[in-house]
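# Fold and contact review
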Amino acid sequence: MNFGITGMVGGVYASDLYKKIRSAGAADKTGFLDAIAAKAAEQTENVSFEEMLRSKYRGVYFNVMDTSRISDDWWGRNDYPRDKFFSEPADESALDWQPDGAEPPMSNPEIQKKISATLGKTAVVIPPELEEKMKNDPELAKQVMNRIDSFIARHYSAGANQGFLMIFDENGEISQSCVTGEGFSVSSSEFADARKAREKKQAEYDRIAEENALKRRLLEQIIEHRHLQSDIIYDLISNTAVSSAKEELI
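Keep in mind it's a predicted model, so treat the numbers as computed, not measured.

## Quick word on empty space enclosed by the protein
Under the definition given, this model contains one cavity of 30 Å³ or more. The wall of the largest cavity is formed by 13 residues, among which Tyr80, Arg82, Lys114, Ile115 and Ser185 lie closest to the centre. Elements with a minimum of two residues in the lining of the largest cavity: helix H5 (109–116) and strand E6 (174–181). No other element matches H5, which puts three residues into the lining of the largest cavity.

As C-alpha cells, then:
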C-alpha cells in the first residue's frame, strides 16, 4: 500500500514535490516534510481494515461472513472443511458444516489434501457487525490487526510451511482458529484443551504448594509447642530443685 511518503502525495510524486519546494528556499524544507507527514497520517487514518490487512499480509484470503453460524462442537474435528475459508469468496457451506460419520484420522488422504491446500496461506474471516464497528472505530481495527499479528507470531515456526486461519466474533476477538503444517492441523479447540490442561496442572501445583505451606506451618507450630513444653518442664524442674534445696537447708 502507498502511504504517500516514498510514492505519490495527492497525485504528485514526493520527489517532484520536494524539488519544487526546495527551489523556494531551504527554510521551506521543514514545511515539505510536515506536509508529507500530514498527508501520510491522513491517508493512514482513512485506510480500511481490509486495506490495512492486505498491505501487511500479501495474498491473504479475507472474507466477511456470519461467523456466529460456526459450531464449536465440530470445529475441532479433523474433517471440518477449514480449507474452504482459504478462498475468495469463501464457500458458505463451511459455516453450517456438520459431520455425517465418525471422525477420520489425521493421516486420512482426504484430510491431508485439505491441509495441503492451506499451506503457505493466511485467511481471516470477520462478521459484518465487526466490519461496521471498525469503520467507525480505528482503534478497534488496530486491536484486531494486533491480534492477528500476535496469533501468527505465537504459532509461527521458522522455516516451516504453515497455514494460518483466524475467525473473529463481532467484538473483535478470535473465536475460532487453526494452524496447519506439513501433515498436521491444530485447531483452536485443541488450543483450548491444551490451555485447560495447563490450567489443571497449575491448579494441582497450587494445591500441592498450599498443602506444603500448611504442613510447614503445622510443623512450626509443633516445634514451637515442644519448645514451650520444654521451657515449662525446665522451669518446673528448676523450681522443684530450688524448693528441695531450701528444704534441706531448713
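Structure's up, so let's keep going.
## Section: the nonpolar core
Among the nonpolar cores identified, the biggest contains 20 residues, and Phe49, Leu53, Val124 and Ile148 are the most heavily contacted of them. Sorting the residues of this core by element identifies helix H3 (49–56), strand E4 (122–126), helix H6 (128–136), helix H7 (138–155) and strand E5 (163–168) as the ones contributing at least two each. In terms of residue count, the dominant contributor to this core is H7 (seven residues). Counting 15 residues, the second largest nonpolar core, distinct from the first, contains Phe85, Ala123, Ile167 and Cys178.

## Overview of the packing of H3 against H7
Packed helix pairs are characterised by how far apart their axes lie and by the angle those axes make with each other. Where H3 contacts H7, the axes come no closer than 10 Å and their chain directions differ by 30 degrees. Judged by the angle between their axes, H3 and H7 are roughly parallel. Along this stretch, H3 crosses H7, giving a crossing that reads as right-handed. Note on element contacts: H7 touches H3 through Ala141, Val144, Met145, Ile148 and Asp149, opposite Phe49, Met52, Leu53 and Lys56.

## A few points about the pattern of salt bridges
Applying the stated criterion across every chain yields a total of eleven salt bridges. Across the pair Arg69 and Asp96 runs a salt bridge whose closest N-O atoms are separated by 2.3 Å. One end of the pair, Arg69, is in the loop between strand E3 (61–64) and helix H4 (72–75); the other, Asp96, is in the loop between H4 and H5, and 27 residues separate them in sequence. Each member of the salt-bridge network shares a partner with another, and the members are Glu50, Arg54 and Glu88.

## Brief notes about the packing of aromatic side chains
Two descriptors summarise a pair of aromatic rings, namely the distance from one centre to the other and the angle between the planes of the rings. Counted according to the given criterion, the structure contains four aromatic pairs. Both rings, one in Trp75 and one in Phe85, keep their centres 6.3 Å apart while their planes meet at 50 degrees; by these two values the pair is tilted. You can see Trp75 sitting in helix H4 and its partner Phe85 sitting in the loop between H4 and H5, a full ten residues away along the chain. Phe85 sits in the buried class, given a relative accessible area of 0%. Taken together, the ring pairs in this structure connect Trp75, Tyr80, Phe85 and Trp97 into an aromatic cluster. Lying over the aromatic face of Trp75, Arg82 brings its terminal NZ or CZ to 5.4 Å of the ring centre.

Conventions we followed
- Residues numbered from 1 in each chain as written.
- Predicted model: local features only at pLDDT ≥ 70, side-chain atom pairs only at ≥ 80, totals over all residues.
- Heavy atoms only, no water.
- 1 Å grid on protein atoms, 1.4 Å probe; cavity = no way out; pocket = protein on both sides within 12 Å on 5 of 7 lines; lining within 4 Å.
- Points joined across faces, edges and corners; volume = space filled by probe spheres on them.
- Helix = DSSP H or I, 4+ residues; strand = E, 2+ residues; numbered from the N terminus.
- Core = buried A, V, L, I, M, F, W, Y, C linked by side-chain atoms within 4.5 Å.
- Buried < 20%, exposed > 50% of the residue type's maximum accessible area, 1.4 Å probe, protein only.
- Axes fitted to C-alpha atoms, helices over the stretch in contact; angles between N-to-C directions.
- Parallel < 35°, antiparallel > 145°, perpendicular 65-115°, else oblique.
- Left-handed = near helix turned anticlockwise from the far one by under 90°.
- Contact = heavy atoms within 4.5 Å.
- Salt bridge = Lys/Arg side-chain N within 4 Å of Asp/Glu carboxyl O.
- Phe/Tyr/Trp six-rings, centres within 6.5 Å; stacked < 30°, edge-to-face > 60°.
- Lys NZ or Arg CZ within 6 Å of the ring centre and 35° of its normal.

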